[in-house]
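One letter stands for each residue in the lines below.
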Amino acid sequence: MEVFRFLKFKVYQESKAFNRDIYLLARGWRMKDKSLADQLVRASISVCLDIAEGSAKGTDKDFRRYIQNALGSISEVVSCLDLALSLELLSKEKYLTLVDKALIIAKTAWWPF
């Protein structure tokens with residue numbers, strides 16, 4: 001098995017770019033709502049980490065379990081964004097843009113290679 005094969009996965013690359021978008025967004029919230037900002041960033045990081053960890057497992061069944069964990073984390077990100085929208089921490093336009101990116105990641109996760 002190739003070591004660090006996740007680095008070549010499209011879903012990992014998209015998740016990493018998404019994580020950067022989330023980090024930059026949340027950085028501006030630290031003074032307004034630190035707990036939501038921190039949770040949003042942690043959930044975004046978990047998407048990348050679950051993909052990476054799962055790719056090192058020996059079977060496709062194990063890998064799918066980690067992909068499911070990543071899908072749970074991307075749902076958590078969207079929930080945080082929805083909460084942030086209701087708290088007026090981001091615009092509706094920014095919210096929709098990020099949710100669209102999350103949807104692409106979720107769809108790509110079903111075939112991550």
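A few points on the structure.

### Some details on the overall build of the chain
Line of reasoning, step 1. Tallying secondary structure elements over the chain gives four helices and zero strands in all.
Line of reasoning, step 2. Secondary structure elements of the chain occur, N-terminal to C-terminal, as α-α-α-α.
Line of reasoning, step 3. Overall size of the chain, expressed as C-alpha extent along the three principal axes, is 45 × 20 × 20 Å.
Line of reasoning, step 4. For the chain, with 113 residues in total, the buried portion stands at 43%.
Line of reasoning, step 5. At a minimum sequence separation of 6, the contacts of the chain that also span at least 24 residues come to 66%.
Line of reasoning, step 6. Summed over all atoms, the accessible surface of the chain reaches about 6800 Å², with 57% contributed by carbon and sulfur.
Line of reasoning, step 7. Considering the chain, the positive charge centre built from 18 side chains and the negative charge centre built from 14 side chains are found 4 Å apart.

### Examining helix α1 (residues 10-27)
Line of reasoning, step 1. A rise of 1.5 Å per residue sets the reference length of α1, with its 18 residues, at 26 Å; its end C-alpha atoms lie 26 Å apart and thus fit the reference within 8%.
Line of reasoning, step 2. Where α1 is concerned, the buried positions are Val11, Tyr12, Ser15, Phe18, Asn19, Ile22, Leu25 and Ala26. Buried residues in α1, looked at end-on, bunch into an arc of 135°, giving them a common side. In α1, the exposed positions angled more than 90 degrees off the buried face are occupied by Lys10 and Arg20.
Line of reasoning, step 3. Its buried side turned inward, α1 meets α2 (34-55), α3 (60-86) and α4 (92-109).

### A few points about the packing of aromatic side chains
Line of reasoning, step 1. Counted according to the given criterion, the structure contains three aromatic pairs.
Line of reasoning, step 2. Ring plane angle 85° and centroid distance 6.3 Å describe the contact between phenylalanine 4 and phenylalanine 6, whose orientation is recorded as edge-to-face.
Line of reasoning, step 3. For phenylalanine 6, a relative accessible area of 13% puts it in the buried group.
Line of reasoning, step 4. Ring centres of phenylalanine 9 and phenylalanine 63 lie 6.0 Å apart, and the angle between their planes is 35°; this geometry places the pair in the tilted category. Here phenylalanine 63 lies in helix α3 and phenylalanine 9 lies in the segment before α1, a separation of 54 residues in the sequence.
Line of reasoning, step 5. By relative accessible area, which is 5% here, phenylalanine 9 ends up buried.
Line of reasoning, step 6. Relative accessible area serves as the criterion here: at 4%, phenylalanine 63 is assigned to the buried category.
Line of reasoning, step 7. Aromatic ring contacts, followed pair by pair, group Phe4, Phe6 and Tyr12 into a single cluster.
Line of reasoning, step 8. Over the aromatic face of phenylalanine 63 sits the side chain of arginine 5, whose NZ or CZ is 5.2 Å from the ring centroid.

Conventions adopted
Residues numbered from 1 in each chain as written. Predicted model: local features only at pLDDT ≥ 70, side-chain atom pairs only at ≥ 80, totals over all residues. Heavy atoms only, no water. Helix = DSSP H or I, 4+ residues; strand = E, 2+ residues; numbered from the N terminus. Buried < 20%, exposed > 50% of the residue type's maximum accessible area, 1.4 Å probe, protein only. Contact = heavy atoms within 4.5 Å. Areas by Shrake-Rupley, 256 points an atom, 1.4 Å probe, with all protein chains shown as cover. Lys, Arg positive; Asp, Glu negative; His and termini not counted. Charge placed at Lys NZ, Arg CZ, Asp CG, Glu CD. Expected span 1.5 Å × (residues − 1). Arc of directions from axis to C-beta. Phe/Tyr/Trp six-rings, centres within 6.5 Å; stacked < 30°, edge-to-face > 60°. Lys NZ or Arg CZ within 6 Å of the ring centre and 35° of its normal.

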